[in-house]
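What follows is the residue order along each chain.
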Amino acid sequence: MTSALAATRMNVPWSRFLGRHMTLAIGAATLGLFLAVALAAPLISPYDPIYQDAAVRLAMPSLAHPFGTDNFGRDILSRVIWGTRIDLQIAVIGVVFPFLIGTFIGTVAGFFGGIVDTVFMRLVDIILAFPFLVLMLSIIAILGPGLSSFYIAMALVGWVSYARLIRAQMLVLKSSDYAVAAVSLGFSRARIMFRHLLPNAVAGSIVFSMSDAVLVLLNGAAISYLGLGVQPPVAEWGVMVAEGQSFITTAWWITLFPGLSIVVLAFGFSLLGDGLGEWLGVNE
Amino acid sequence: AGVLTIGRREDSTTFDPIKSAQNVDNWVFSNVFDVLIRVDKTGTKLEPGLAESWTVSDDGLTYTFKIRDAKFSDGSPITAGDAAFSLLRIRDNEGSLWSDSYKIVETAEAADDRTLVVKLKTPSAPFLSTLALPNVSVLSKKALEAEGEEAFAEKPTASSGAFIVKEWRRGDRVILEKNPNFWQADRVKLDGVEWISVPDDNTRMLNVQTGELDTAIFVPFSRVEELKKDPNLDVHIDTSTREDHLLINHEHGALAKKEVRQALDMAIDKKAIVDTVTFGLGEVANSYIPKGSLYHYDANYQYPYDPEKAKAMLAEAGASDLSLNYIVNAGNEVDEQIAVLLQQQLQKAGVTVNLQKVDPSQSWDMLVAGDYDISVMYWTNDILDPDQKTTFVLGHDTNMNYMTRYKNDKVKDMVAAARLELDPVKREAMYVDIQKMAKDDVHWIDLYYSPYINVSRKNIANFDQNPLGRFFLEDTVKN
Amino acid sequence: MSGPVLSIRDLTVKVPIDGETRTLIDAVSFDLARGEILGLVGESGSGKSMICRALVKLLPSPAIAITGGTVLLDGKDLATLSEDAMRAVRGAEIGMIFQNPTSHLDPVMRIGDQIAEGIRYHQGFDPREARAAAVEILGQVGFPDPARQYDNYPHEFSGGMRQRAMIAVALSCNPKILIADEPTTALDVTIQAQILRLLMDLRDKRGLSIILITHDLGIVAQTCDSIAVLRNGQLLEHGPKRRVLAEPQHAYTVSLLKSHPSMPEESGGTPLTPAALPIALQPLLEIDDLVVRFPAPGLGIFKKGKTEIAAVNGVSLRIMPGETVGIVGESGSGKSTLARAILGLTPLTSGHVSFAGSDLAQQRRQTLAKLRTEAAMVFQDPYNALNPRLTIGDMLAEVLKVQGNTPAARIPERVGELLDLVELDRAFATRRPRSLSGGQCQRAGIARALAVDPKLIIADECVAALDVTIQAQIIDLFRDLKTRMNLTLLFIAHDLAIVRNLCDRVVVMYRGEIVEEGRCDAVFANPRHAYTAALIGAIPDIDPDKPLPRGDLPPRSEPKAAPVVRGQPLISMQ
Amino acid sequence: MHRYRFVLSRPLQFLPVLFGISIITFILVRLIPGDPARVLLGTRSTPTAIARIRAQYGLDEPLWLQYFYFLENLGKGEMGKSILYKIDVLKLIATRIEPTLTLVLTSVALSILIAVPMAAIAARNNGRLADHVVRIVSTLGIGFPPFWLALMLIILFSVRLGVFPVSGYGETLGDKLAHLVLPSLTIALSLSAVLTRSLRAAMIVALKSDLATAARARGMPESIVFWRHVLPNSLVPTVNLLAVNIGWLIGGTVVVETVFAIPGMGQLLVRAIFSRDYMVVQGVAMVFACATVLVNFLADIVTVSLDPRVRL
Ligand SMILES: Nc1ncnc2c1ncn2[C@@H]1O[C@H](COP(=O)(O)OP(=O)(O)OP(=O)(O)O)[C@@H](O)[C@H]1O
Ligand SMILES: Nc1ncnc2c1ncn2[C@@H]1O[C@H](COP(=O)(O)OP(=O)(O)OP(=O)(O)O)[C@@H](O)[C@H]1O
Ligand SMILES: [Mg+2]
Ligand SMILES: [Mg+2]
Ligand code: NI
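Residues numbered from 1 in each chain as written. Chains lettered and ligands numbered in written order. Predicted model: local features only at pLDDT ≥ 70, side-chain atom pairs only at ≥ 80, totals over all residues. Heavy atoms only, no water.

Taking an unreviewed UniProt entry as the reference, chain D is identified by name as Peptide/nickel transport system permease protein belonging to Rhizobium herbae. In its Subcellular location (unreviewed entry) section, the UniProt entry covering chain D states "Cell membrane". (UniProt positions renumbered as here; feature names shortened; annotations may be inferred.)

(A) Local environment of the interface of chain C and chain D. Contact residues are listed per partner, giving 41 residues for chain C and 51 residues for chain D. Buried surface at the junction of chain C and chain D, summed over both partners, amounts to about 4,000 Å²; 63% is from carbon and sulfur atoms. In this structure, the connection of chain C to chain D is made through two salt bridges. For Glu117(C), the salt bridge is made with Arg228(D), and the minimal N-O distance between the two is 3.8 Å. The interface formed by chain C and chain D holds 10 residue pairs in polar contact (both at pLDDT 80 or more) in total. (Contact = heavy atoms within 4.5 Å. Buried area = accessible area lost by both parts, 1.4 Å probe. Salt bridge = Lys/Arg side-chain N within 4 Å of Asp/Glu carboxyl O. Polar contact = N/O pair within 3.5 Å; in protein donor to acceptor, adjacent residues only side chain to side chain.)

(B) Highlighting the domain arrangement of chain D. Considered domain by domain, chain D is made up of domain 1 (16-75) and domain 2 (97-244 + 254-266). For domain 1 of chain D versus domain 2 of chain D, the separation of C-alpha centres amounts to 41 Å. (Domains from an automatic or database assignment.)

(C) Up close: the arrangement of the chains. Between all five pairs of chains that are in contact, chains C and D come out with the most contacts. Kept free of each other, chain B and chain C leave a smallest C-alpha distance of 14 Å between them.

(D) Expanded view of the UniProt feature "transmembrane region" (unreviewed entry) in chain D. Residue and element names in this part refer to chain D. Mapped onto this numbering, the UniProt entry annotates "transmembrane region" (unreviewed entry) at residues 12-32, 100-121, 133-157, 177-195, 241-263 and 283-306. As annotated, residues 12-32 has a helix share of 95% and a strand share of 0%, and its two end C-alpha atoms lie 32 Å apart. As annotated, residues 100-121 has a helix share of 100% and a strand share of 0%, and its two end C-alpha atoms lie 32 Å apart. (Helix = DSSP H or I, 4+ residues; strand = E, 2+ residues; numbered from the N terminus.)

(E) Region of the structure containing the layout of surface pockets. By volume, the second largest pocket is sized at about 710 Å³. Lining the second largest pocket are 30 residues, and of these Asp100(B), Ser101(B), Tyr102(B), Gln388(B) and Phe392(B) sit closest to its centre. Those elements that place two or more of their residues in the lining of the second largest pocket are α3 (127-130) and α13 (387-394) of chain B together with α3 (47-56) of chain D. In terms of residue count, α13(B) provides more of the lining of the second largest pocket than any other element does, four residues in total. Tallied by class, residues from the lining of the second largest pocket come to 14 nonpolar, 11 polar and five charged. (1 Å grid on protein atoms, 1.4 Å probe; cavity = no way out; pocket = protein on both sides within 12 Å on 5 of 7 lines; lining within 4 Å. Points joined across faces, edges and corners; volume = space filled by probe spheres on them. Nonpolar A, V, L, I, M, F, W, Y, C, P; charged D, E, K, R; others polar.)

(F) Seen up close, the site of ligand 2. All names here are of chain C. Around ligand 2 sit 12 residues, and of these Ser 331, Gly 332, Lys 335, Ser 336 and Thr 337 come closest. A distance of 2.7 Å is found between an oxygen atom of ligand 2 and a backbone nitrogen or oxygen belonging to Gly 332. In isolation ligand 2 has 630 Å² of accessible area, and contact with the protein removes 67% of it. When residues of the shell around ligand 2 are assigned to their parent elements, the largest contribution, three residues, is made by helix α12 (residues 335-342). Here the residues of the shell around ligand 2 are counted per class, giving two nonpolar, six polar and four charged. (Near = heavy atom within 4 Å. Areas by Shrake-Rupley, 256 points an atom, 1.4 Å probe, with all protein chains shown as cover.)

(G) Representation of the interface of chain A and chain B. Counting from both sides, the interface comprises 27 residues of chain A and, opposite them, 24 residues of chain B. With both sides pooled, the region where chain A packs onto chain B buries about 2,100 Å², and carbon together with sulfur makes up 51% of that total. Taken together, chain A and chain B are joined by zero salt bridges. Remark: the boundary between chain A and chain B carries eight residue pairs in polar contact (both at pLDDT 80 or more). Along the lines of polarity and charge, the residues of the side of chain A that touches chain B split into 14 nonpolar, 10 polar and three charged.

(H) Spatial organisation of the nonpolar core. Ranked by size, the top nonpolar core spans 265 residues in total, and within it Phe65(B), Val118(B), Phe478(C) and Phe491(C) carry the most contacts. The biggest single contributor to this core is helix α13 (residues 278-306) of chain D, with 15 residues. Apart from the residues within four sequence positions on either side, Val118(B) is in contact with Leu61(B), Thr62(B), Tyr63(B), Phe65(B), Leu87(B), Val105(B), Thr107(B), Ala108(B) and Phe127(B). (Core = buried A, V, L, I, M, F, W, Y, C linked by side-chain atoms within 4.5 Å. Buried < 20%, exposed > 50% of the residue type's maximum accessible area, 1.4 Å probe, protein only.)

(I) Geometry of the sheet that holds strand β20 (residues 513-519) of chain C. Residue and element names in this part refer to chain C. On the basis of which strands lie adjacent, the open sheet formed by six strands has the order β16-β17-β18-β13-β19-β20 and mixed pairing. The two strands at the open ends of the sheet, each matched to only one other strand, are β16 (375-378) and β20. Direction aside, the axes of adjacent strands within the sheet are offset by 15° on average. Two strands pair when backbone bridges link them, and β16 and strand β17 (residues 456-460) are joined in this way by four bridges, in the parallel orientation. The residue of β17 that forms the bridge with Ala 375 is Leu 456. (Pairing = 2+ DSSP bridges. Axes fitted to C-alpha atoms, helices over the stretch in contact; angles between N-to-C directions.)

(J) Up close: the environment of Ala254(B). Residue and element names in this part refer to chain B. In this structure, Ala 254 sits in the loop between β12 (233-248) and α8 (258-267). Along the primary structure Ala 254 and Ser 320 are separated by 66 residues, whereas in three dimensions their C-alpha atoms are 10.0 Å apart. Once residues lying within four places of it in the same chain are set aside, the contact partners of Ala 254 are Val 260, Ala 319 and Leu 322.

(K) Expanded view of the packing of α13(B) against helix α16 (residues 424-441) of chain B. Residue and element names in this part refer to chain B. Contact geometry of α13 with α16 gives a least axis separation of 13 Å together with a crossing angle of 35°. Crossing hand, α13 versus α16: left-handed. In contact with Asp 387, Thr 390 and Leu 394 of α13, α16 contributes Arg 427, Tyr 431, Ile 434 and Ala 438. (Left-handed = near helix turned anticlockwise from the far one by under 90°.)

(L) Molecular detail of empty space enclosed by the protein. Residues and elements named next belong to chain B. Under the definition given, this model contains 16 cavities of 30 Å³ or more. Computed from the structure, the second largest cavity encloses a volume of approximately 260 Å³. Among the secondary structure elements, those contributing two or more residues to the lining of the second largest cavity are α1 (23-32) and β2 (37-39). Tallying contributions element by element places α1 first for the lining of the second largest cavity, with four residues. Looking at the lining of the second largest cavity residue by residue, the class counts come to 11 nonpolar, nine polar and four charged.

(M) Structural view of the pattern of salt bridges. Inspection of the entire model under this criterion finds 85 salt bridges over all chains. Ionic pairing is found between Lys91(D) and Glu150(B), a salt bridge with its closest N-O pair at 3.5 Å. Placement of the pair is Lys91(D) in helix α5 (residues 89-124) and Glu150(B) in helix α5 (residues 149-154), with the two residues belonging to separate chains. Judged by relative accessible area, Lys91(D) falls into the partly exposed class, the value being 49%. Of the charged contacts in the structure, one is a salt bridge between Asp201(B) and Arg204(B), with a shortest N-O distance of 2.7 Å. Taken together, the residues Asp201(B) and Arg204(B), both in helix α6 (residues 201-209) and three residues apart, mark about one turn of the helix. Like Asp201(B), the residue Arg204(B) is buried in the burial classification. Shared partners join several salt bridges into a network, and the residues in it are Glu167(B), Arg169(B), Asp172(B), Arg173(B), Glu194(B) and Glu171(D).

(N) Layout of the state of the cysteines. Residues and elements named next belong to chain C. Taken as a whole and assessed by the stated rule, the structure comprises zero disulfides over all chains. Left unpaired, Cys 441 is separated from the closest cysteine sulfur, that of Cys 462, by 13 Å. Looking at Cys 441, the relative accessible area reads 1%, which means it is buried. (Disulfide = S-S within 2.5 Å.)

(O) Highlighting the sheet that holds strand β5 (residues 76-77) of chain C. Residue and element names in this part refer to chain C. Sheet architecture is open: four strands sit in the order β2-β1-β4-β5, paired in antiparallel fashion. Each of the sheet's edge strands pairs with one partner strand only, and the pair in question is β2 (20-33) and β5. Two strands pair when backbone bridges link them, and strand β1 (residues 4-17) and strand β4 (residues 65-73) are joined in this way by seven bridges, in the antiparallel orientation. Each residue of the ladder has a partner; that of Ser 7, found in β4, is Leu 72. Of the strands in this sheet, β1, β2 and β4 touch helix α1 (residues 48-55), which is tilted by about 110° from β1.

(P) Expanded view of the site of ligand 1. All names here are of chain C. The environment of ligand 1 is formed by 13 residues, the closest being Ser 44, Gly 45, Lys 48, Ser 49 and Met 50. A distance of 2.5 Å is found between an oxygen atom of ligand 1 and a side-chain nitrogen or oxygen belonging to Ser 49. Its free accessible area being 640 Å², ligand 1 has 67% of it covered by the protein chains. For the shell around ligand 1, the secondary-structure elements that each account for two or more residues are β2 and α1. Ranked by residue count, the leading element in the shell around ligand 1 is α1, at three residues. Looking at the shell around ligand 1 residue by residue, the class counts come to four nonpolar, five polar and four charged.

The structure is reproduced here in structure tokens:
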């Protein structure tokens, strides 16, 4: 990290900060928008997302239903709005647990090295070579379809990436002078690991977690395509796209809007990740 | 002339008829192997197949079949010995999935090359119809023994049906070729048939629309309207024996009460389901025996849709805040749609429904274990006679009456009696009674009947499927 | 000497930053004659590199631009030459040697190919001819087996050899002018001498003109013909070497000359006399036959047995309280390992270290506890030694808290005192390392060491990364603290001049062993071991009349593996 | 060539990994509620029939014994028999492996063909319009649900334009290639986006790096600087990213296989899991694991040959 860049991180007016970090700003704004929509869902959604109105089944987008309706006559706009809650939740929970687990394991393995490290890294090898689909489908089969199984499967697999990233960083940082200094000053190992090294090791993982969120989102959609997504009648974009498949040539609006929402949310996460990377200097 | 391509969801799993119980396989078996007795196109009558004619002894225990002068595709004659071998094999082979259904056969012997004598342990009205199952097709003993079971299952060299297996590209397609030695070879117009697996519904339809496939089966209800508009296509809506119903676990709390079950039946608007889920292509069901099948009782009682009354009845039965656990089959679009509808409808009668989506193989286990309150299932007949379904659903102990735990000894006795009754008129009367009683007890809730929907290009003629699912490809023409 | 090969007039380089324009090079003018070596000196950030990059128009970012002036080479004005025409100048007319050969050589291309590449491009040789030419150049710059070494990769060489390769690349197209940007800063003194000698030989053989950038006045004094002093992008002074050294015109030049550590009579402090040594019976630190081994890198399963390298091999040393001991030796000689072993930061293979009477090998726990509260370390890289996420105040407060000797209420006050002690403004408590200069960081690092109230401070090359002027300030600070707080100081350095200035006693290490030990003045005046003599001989002295020393020690190389990290796939199930 | 010595020693490290995977899959599939016999028998299953099938496939034995048999079979180079398809699992896999393999290979080739030029254009025009376009396209490209993208491609290229077949897997080579264009494109659109992003970032760093400056300082034209110095120095992270993604694809092409009706391993696996065909799930998992391990191994070899500094 250059010190010139680092200096921009403090005492710089917002406008200039934004100018220099367009990517970050757009990404954050996009996600902020989705978050706002999710929070305000009860206020802004024009209909009940699960209310079926037989009179307006498969209606084209119109003033009454700006995004049209699905085969049950449910309002797509309302479903997309309420779906924001679920999909943000998927992206966040699907990333947070792997992140926490992976960070902890990576920190410990990288810091202590030796047998702890060897054991965890063999486990990492196994999980990396383990076919994800087998794991995902088995866990869903064991625990039943739905979000919690999905989260568990994502966490079981996802921590590996974080653990590896953090571990690699820890290996470098633990031999850094300030780590040695901390040891020589008699700091406890936990203090060195978690207060001194981890905060310096975590930037790469934070940036990665944004791409990971995209991946989680898309895997959620793929699971929905295989019919193992959230419980009906909950509105979730992946499920909506998957359900709307049957109507793709006749009622394009059923898939288009939730599909676009996924793309845009993913775009937001990617931009935020890129922006964070620039800001935290991870790519340097 | 020409080769007919058919798109379907899944590929075959085997060519050994006794080792599969799946429609994907059965529908191909009936193109490749012939049976002693066939079911006609309407699905209501038996007609001679490889058995030219047959007689039944007065005690109903001895059946004598006259075997037709026909050949296997390898040129060897089809004998009574082959027929006996095939019948005993499905009963005795350790890999057979059907042995229970043929336990009733005491002996099967070839009196001579053309005469097959079968002795039963007890009389059975439905026995002849079970001989029409593709699984008990006549196989060549010689070929099977020469090739070995495994190789035969991969690619049978001798077929008794209209087509022979030319190639099987696993996971992709089964390629059939006309069998020149088929006894009705004149009737077969096609040079061959390819059953191609296209799992995605959209892709399968698009394939027919672009002309890459001649036909596609399993057309989703939602696509019918659109496909009908396509001038190049014919949409075939053929009667089936499929009936969708709502299973009720009679052992769970208030559901044990008949009044509660009746109230549930009244709280369900089947018409709305037919409209929304089947796009009006289905028909509201009033009996567990599907419309158009043997002994279907068309005048059976139909609970009216009346959520208010249902609510009142529930209150009266002390179940006004009923909450039900509803098992939904994951990945089944229709099931999920019905679930969503039922949840909203039952809500109106004050019943809370908790949907629990599970993988289909698991839902089956949960139903068997009784881990459910309600769940939608369907049944399609494989044989013409109603006995099989009736036994499973109302007269059976081993499977808890199709997982419902329904108990009515009177009905059970009647089912057993109907099986033995050889007089069709009396039998019909017995089945009408059974249907009425079952309806009154609400052993389950009949939802709707739905047709088979297939689509073909305009140049394909006579692409028909009978209610039991058999495709009469020997009559199909590709222009 | 004939007319100038290169003539620079009013060269100005500017960069727009945050709406304002900063002038990086401010109307610099000078001439370079044929065969002349021009020494360009100045503190870090003064614009030395920027001038050279401007000459070949390879400015570090597109925003930086030459806004005025001319650079005349053979009558062409490089400042206005097109990019295509510039390409013919670069390499063929002006060759560049960079400070850090490791990053400037392509790590994935064979050394020879990097030399041949320019030859093929500029001279149109076919691959075979180019190879032959490259082998010849490799020989000229001192590769012992050029034909074979042609096929080696940069990382397979030591730093000195890499710098030679870098020179070979610059020479490949027969340039008239060589620009060498701090070519020896990263190298050991002995290697540095070899490289400088090589440059001078080349100048003599080929009649090259050289611009030599350095911050070490000793180098300038001994190799250059003329000196240019740069500060804040301005050329303060330019003239023949002897004149500038003897009678500097500018005050800045004077201060630069003063801070050069090779002039003990100017540096203010004199080595302590024996009388000043406090008399104590027990040594504070006693090291006895210490051995520290590391497993050798890259041992595969096909190698039998364990290969180990002894970083410290049988070292014995006693240090009395209040003493200041310097440890010198080339890179890799085991100085840092020794320091870490003393502090219990690295496991001892055998031998003893006892600190204030307790033995690290036998009573590990007590000794460590003692070491942690009574000994501290100061590190080489001031930025890397401080946690970048903590403010200086937080960092010091944490040490005080963990050490537990200071009541919580008194911590802020004590932090202030520590900052005063190292002459840092108290306002620095709220700043993070990144917003400090190197010298300020190093002071913070020293404050951290003082926070434990130590008896012993080990400083591992703590000034090597700093500018000469800053170096002098830090040394003064140490001298001051030492007397004020009665510290025992173990001072590791590769710069012998500094050791001579600061220390009572010097220990010379070579390949893990102590080859010479004794009082500073005695050792420097009269080295007994050949290695010590070579080390001392290799120091470039600011006296221009001393001949350039020869450095004749075999270099060693240490290849480092790049880590490979596999992460998560980034596409979803398809 | 001591740098490549790991090629000999590495395979030994595969064994514990594969062993671990075999145990985990074995336990995992058996934890799944549901019974293969019941699935096989369908709605008409009776308890006696179920018991018979279970006995036939040894499912009534204790778990540890079943695992022992599994290992014993593995030692003989067998993987047991599929319950659904009734043939040897290895034979079954052999019939399904080619389409998946070809699909993955063509997708990867296509991705590389797209990613390298895109990244090069973006990096060389860093900050300019072309760079922004590439960045936005590649960022968007990651976000498309593949099944949706697949259908859109079919509707556009097969239905509207009629240039590529809707679905399936051909017989002759040319036929296969024609069938593989759209599925590969579906995968390649997201994979190349990922690769482009990584490669672009690495190239931008390398373009500004000291070694590029040094090459320019010896008068090399920008094209040589780029293709001979910058590119080789930016490949390693992307190669490793690619390796991870190939490993991921090998076991994750199920959606594309389903939409395009490609008779590959993904479809086989999904059907095997849904029908609790234990032996097939185990077999496929092992094959996938081996493939992943192999891909990583190859990536290591490529890395070592790209960067002489790397030791493994
Ligand atoms: N890319 C850049 N953008 C803006 N300013 C820069 C850039 N690179 C260098 N500078 C500024 O240009 C000035 C001169 O830098 P230069 O690298 O020439 O210093 P130097 O004398 O070579 O220092 P050192 O001894 O540390 O190498 C410094 O103030 C530096 O901050
Ligand atoms: N952790 C380690 N593992 C393996 N080898 C090591 C380790 N630390 C140091 N070495 C090796 O021990 C030897 C001595 O290293 P040390 O860092 O003590 O040298 P130094 O004299 O401090 O050098 P420099 O002047 O470059 O700092 C070197 O060959 C080095 O490669
Ligand atoms: Mg510089
Ligand atoms: Mg050192
Ligand atoms: Ni930076």
